[in-house]
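# Structural overview
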Amino acid sequence: MALSVSKLNKFVFFKLPSAFFCGVRVKDISDSSCTVTVKHRWINQNPFNSMYFAVQAMAAELTTGALVISQIQQSGKKISMLVANNKGNFTKKATGRITFVCNDGHLIADAIKRTIETGEGQTFWMKSIGTNEDGIQVSEMDFEWSIRVK
């Protein structure tokens, strides 16, 4: 069963309520990419009247994590996943609607195949880029995912 936008947003509501109440929403997912948006509002602002960095991190992580979840489901195996490391770079104040996109879905299948074959954990980095409504990059976040067959 394919992972849909509505199923992912329901997952966010029940399993990541702080992200949901801050306005983080999945807009699109395919095998290779995922798009998540969040709008700057009072609930997710910092003292400098822009979006708090942790809200940006939640949205960016969801773009990568949703792709990992989707491909683990497609494999039919029980595989655990965990963020092992992350890096962030913030280049402009995040105001208005911020769109995060990850296009690194192609990195996951090989790692899943290797962990199934060897039984050893595998790690890989995925990048999510956040842009504002004018298409200007406001942040770039990298997440190192660790996966292993249970």
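Residues numbered from 1 in each chain as written. Predicted model: local features only at pLDDT ≥ 70, side-chain atom pairs only at ≥ 80, totals over all residues. Heavy atoms only, no water.

Once that is clear, we can look at the pairing of strand 2 (residues 34-39). Counting buried positions over the six residues of strand 2 gives five, a clear majority of the element. Alignment of strand 1 (residues 25-29) against strand 2, held across four bridges, turns out to be antiparallel. The residue bridging Asp-28 from the neighbouring strand is Thr-35, located in strand 2. Hairpin connection from strand 1 to strand 2: four residues lie between these consecutive antiparallel strands. (Buried < 20%, exposed > 50% of the residue type's maximum accessible area, 1.4 Å probe, protein only. Helix = DSSP H or I, 4+ residues; strand = E, 2+ residues; numbered from the N terminus. Pairing = 2+ DSSP bridges.)

So, on to the packing of aromatic side chains. Taken as a whole and judged by the stated rule, the model has six aromatic pairs. A centroid spacing of 6.4 Å and a plane angle of 80 degrees characterise the contact between Phe-53 and Phe-90, whose relative ring orientation is edge-to-face. Residue Phe-53 is found in helix 3 (residues 53-75), and its partner Phe-90 is found in strand 3 (residues 79-90); the two are separated by 37 residues along the sequence. For Phe-53, a relative accessible area of 46% corresponds to the partly exposed category. Among the aromatic residues, those joined into a cluster by ring pairs are Phe-13, Phe-14, Phe-20 and Phe-21. Its end group placed over the ring of Phe-20, Arg-25 keeps NZ or CZ at 3.7 Å from the ring centre. Seen from the ring of Trp-125, Lys-87 lies directly overhead, with NZ or CZ sitting 4.6 Å from the centre. (Phe/Tyr/Trp six-rings, centres within 6.5 Å; stacked < 30°, edge-to-face > 60°. Lys NZ or Arg CZ within 6 Å of the ring centre and 35° of its normal.)

Next up on the list: a positive patch on the surface. A contiguous patch of positive charge on the surface is contributed by Lys-27, Lys-39, Arg-41 and Arg-97. The topology assignment puts Arg-97 in strand 4 (residues 97-102). The class of Arg-97 is partly exposed, set by a relative accessible area of 33%. (Patch = residues over 30% accessible without salt bridge, like charges linked within 9 Å, V, L, I, M, F, W, Y side chains within 5 Å. Areas by Shrake-Rupley, 256 points an atom, 1.4 Å probe, with all protein chains shown as cover. Salt bridge = Lys/Arg side-chain N within 4 Å of Asp/Glu carboxyl O. Lys, Arg positive; Asp, Glu negative; His and termini not counted. Charge placed at Lys NZ, Arg CZ, Asp CG, Glu CD.)

Turning our attention to the environment of Ala-60. You can see Ala-60 is positioned in helix 3. When its relative accessible area of 0% is taken as the criterion, Ala-60 is described as buried. For Ala-60 and Asp-142, which are 82 residues apart along the polypeptide, the C-alpha to C-alpha distance reads 8.4 Å. Apart from residues lying up to four places away in sequence, Ala-60 is in contact with Phe-100, Ser-128, Met-141 and Phe-143. (Contact = heavy atoms within 4.5 Å.)

This brings us to unusual backbone geometry. Even without being a glycine, Asn-49 presents a positive backbone phi close to 60 degrees. Structurally, Asn-49 is set in the loop between strand 2 and helix 3.

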